[in-house]
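Secondary and tertiary structure notes
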Amino acid sequence: GWFLLCLLPSILGARASPETKPSSPPCQQSPTKVSCKGVGLWKFPKELGQGIKYLELSNNFIQNLSGSDMPGFGQLEYLDVCFNQLEAVSAATLARLPRLRSLLLGSNHLDRNYVANGEAFHLLRSIEVLDLSVNNLESHMASWYISNLTSLRVLDLSGNAMTKLLAGTFRNSPGLRQLDLSNNYIMEIQEGAFEPLEQLEVLNLALNSLHCVSGFSLTQLRVLNLSHNALELFSSEEGAERYLLRVLDLSHNRLLSFPELPRAHDLTHLNLSNNLIASLLPGSPHAREFVVLYKEMQRFNGTVRPVAALTHVADLDLSDNRLELFPFSFFHGLGSLHSLSLARNCLQEVAREPVSNGTELSLRSLDLRSNALRVLPHWFFESLPHLGSVDLGSNSLQPCESRGSDQGRDLGGDSDTPAPGDACTPFHSLPGLRRLSLSQNNISRLQPHAFTHTPLLSLDLSGNRDLSMAAGALGGLELSLQELSLRDNGMDEGQAALPCLGALRVLDLSGNHLSLLPAGLSCSPLERLDVRDNNLQSLGRVGSWSRSLRAVSLAGNPWSCCSLGWLD
């Protein structure tokens, strides 16, 4: 008791009174750079010395910038006061910072005192980078803050409360090159709002409430992000003027049709995922079923411009739409296309016409997951000779059997034996294919020589319940296959016959009913093995991979404590 009574005054005395702020840890300092990030500051640190060019004060409790607290900062070029309680900035303070180029004020309370603060901002004649994000600024407040910043190059107004872009907002900032307006409530862009920004290259309007973009005319833009809006129409101005646009993100909108892109552009990345696009073909009957909500859409009339305008596109994402047909002809003009995603659509078949005039697509990666495909025709893979990776998971495709290693080379002959009771898709004799996923395709039996002359590096057959692999089903992969997944197939050892896979390094056998490991594993240089949730009591003779194995997952098996010699 005596000890506690003696100690209590010391404890109480250590508490800071409301007027006396707790002492802060020292800042990290070099001759020209000081970082006081997250040290509990309530005001500007004192006695930092002369010649500082870089000052970081983020994650503190500073409420105002007053000139009396800022002696000796005439050389300052970079100031970060993000994540504070800042609500007042004095003109006297900014007048002492003539060389300031970057000012970061995100996540503060600059909606308060915005009139006086905005007047003080008029002194920032040399500022090039300004962050005003997450300050609860309304449209007129943001306009006032930047109304006299003639040297701006980069501006961040994301996470505010703007509902529209006023016509004169950027009148005095013609040099802007990067503009972030994401995560606001913008529903309207007044005519001429972007006209002064002739040097603008990157524009982010994601996470707003825009319903329509018509007459798009920002020819100098390189990157445009309009994702997560409510767009039902995107159209550009008519004309032959060349657009410099390279990246366009229209994902997570309500587009009913393929967007009307500029006739001449340098577009390389186009993201149209998570929309309502039902057809890519001109004159599609689907387009006539949609209600026309905007008079601008009447001239659109369900047609698209020639796909020749997409000749430079290398990455096209059409996942999570409503496409029912894979229109091969649509992609004829996309000679630069390397990556295509049509995952999670309603695809049931491929348009039954091969690529004409011997045209070959340069496609390297194709994602067709989660559709309703039952068969891919022979000419499908013939038309994609450069295809290296294809994901066909969550469809209903049955691999064909190749009757022999030599006959299997002839895709046009009769070397394919259909899967029992259904049409099949040939996966043999595809010399360029390296990665293939056939997970969750309801494959009940994998036919012999299904992948002959297809030197796969990775094969995913997971999620095919009660899959049975015929003898020789993986024949032809002995020297190439490095990764194999047979996860969650409910297989016993009689259904999982594996050949000697001399290159296999990663194997997933989890979620089956195995009481013994496949005998063919003895010659595989395994590095990762997953056998969780099986009926294994022992791994038995681990073979050559006992020295190569780096990671093994064993949980969920009834291991026998009397047969643990394999652990040695």
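Whatever comes next refers back to the structure up there.
Now for a description of the structure that goes with this document. These figures come from a predicted structure and were not determined experimentally. (Residues numbered from 1 in each chain as written. Predicted model: local features only at pLDDT ≥ 70, side-chain atom pairs only at ≥ 80, totals over all residues. Heavy atoms only, no water.)

1. Points about the state of the cysteines
Convention followed: Our working definition of a disulfide is a cysteine sulfur pair at a distance within 2.5 Å. Put simply, DSSP marks the helices as runs of H or I at least four residues long and the strands as runs of E at least two long, and each gets a number from the N terminus on. Here's how the labels work: a residue is buried when its accessible area is under 20% of the maximum for its type, exposed when over 50%, partly exposed in between, all with a 1.4 Å probe on protein chains only.
Across all of its chains, the model carries 3 disulfides by this definition. Paired through a disulfide, Cys-400 and Cys-424 show a sulfur-sulfur distance of 1.9 Å. Judged by the torsion about the S-S bond (95°), the Cys-400/Cys-424 disulfide is right-handed. Here Cys-424 lies in the loop between strand E26 (416–417) and strand E27 (435–437) and Cys-400 lies in the loop between strand E24 (389–391) and strand E25 (401–402), a separation of 24 residues in the sequence. Residues Cys-400 and Cys-424 agree in their burial class; the two are buried. Each sulfur in the disulfide pair Cys-500 and Cys-523 lies 1.8 Å from the other. One end of the pair, Cys-500, is in the loop between strand E31 (483–485) and strand E32 (506–508); the other, Cys-523, is in the loop between E32 and strand E33 (528–530), and 23 residues separate them in sequence. A residue is classified by how much of its surface remains accessible, and Cys-523, at 27% relative accessible area, is partly exposed. In the protein chain, the bonded cysteines, numbered by position in the sequence, are linked as 1-2, 3-4, 5-6. Free cysteine Cys-562: the closest other cysteine sulfur is in Cys-561, separated by 6.7 Å.

2. Observations regarding the packing of aromatic side chains
Stated precisely, the cut-off is as follows: To pair, rings of Phe, Tyr and Trp, with the six-membered ring standing in for Trp, must have centres within 6.5 Å; the planes then decide the type, stacked if under 30 degrees apart, edge-to-face if over 60, and tilted in the middle. Two conditions define a charge located above a ring, namely a distance within 6 Å from the ring centre to NZ of Lys or CZ of Arg, and an angle within 35 degrees of the ring normal.
Considering all chains together, one arrives at 16 aromatic pairs under this definition. Between Phe-380 and Phe-381 the ring centres are 5.3 Å apart and the planes differ by 90°, which places this aromatic pair in the edge-to-face class. The pair Phe-380 / Phe-381 is uniform in exposure class, with both members buried. A connected cluster of aromatic rings, assembled from ring pairs, spans Phe-258, Phe-326, Phe-328, Phe-330, Phe-331, Trp-379, Phe-380, Phe-381 and Phe-427. The ring of Tyr-54 carries the charged tip of Lys-33 above its face, separated from the ring centre by 4.5 Å.

3. A few points about helix H3 (residues 114–121)
For clarity, the cut-off: Along the arc lie the directions from the helix axis toward the C-beta atoms.
Looking at H3, one finds that the buried residues are Asn-117, Gly-118, Ala-120 and Phe-121. Angularly, the buried residues of H3 cover 160° about the axis, an arc narrow enough to put them on a single face.

4. Quick look at the environment of Cys-346
Going by this rule: Residues count as neighbours in contact if any of their non-hydrogen atoms are within 4.5 Å of one another.
As for its placement among the helices and strands, Cys-346 is situated in the loop between strand E21 (339–341) and strand E22 (349–350). For Cys-346, a relative accessible area of 34% corresponds to the partly exposed category. Residues Cys-346 and Asn-321, spaced 25 residues apart in sequence, show a C-alpha to C-alpha distance of 7.8 Å. Those residues within four positions of Cys-346 in sequence are excluded, and the remaining contacts are Arg-322, Leu-323, Glu-324 and Asn-371.

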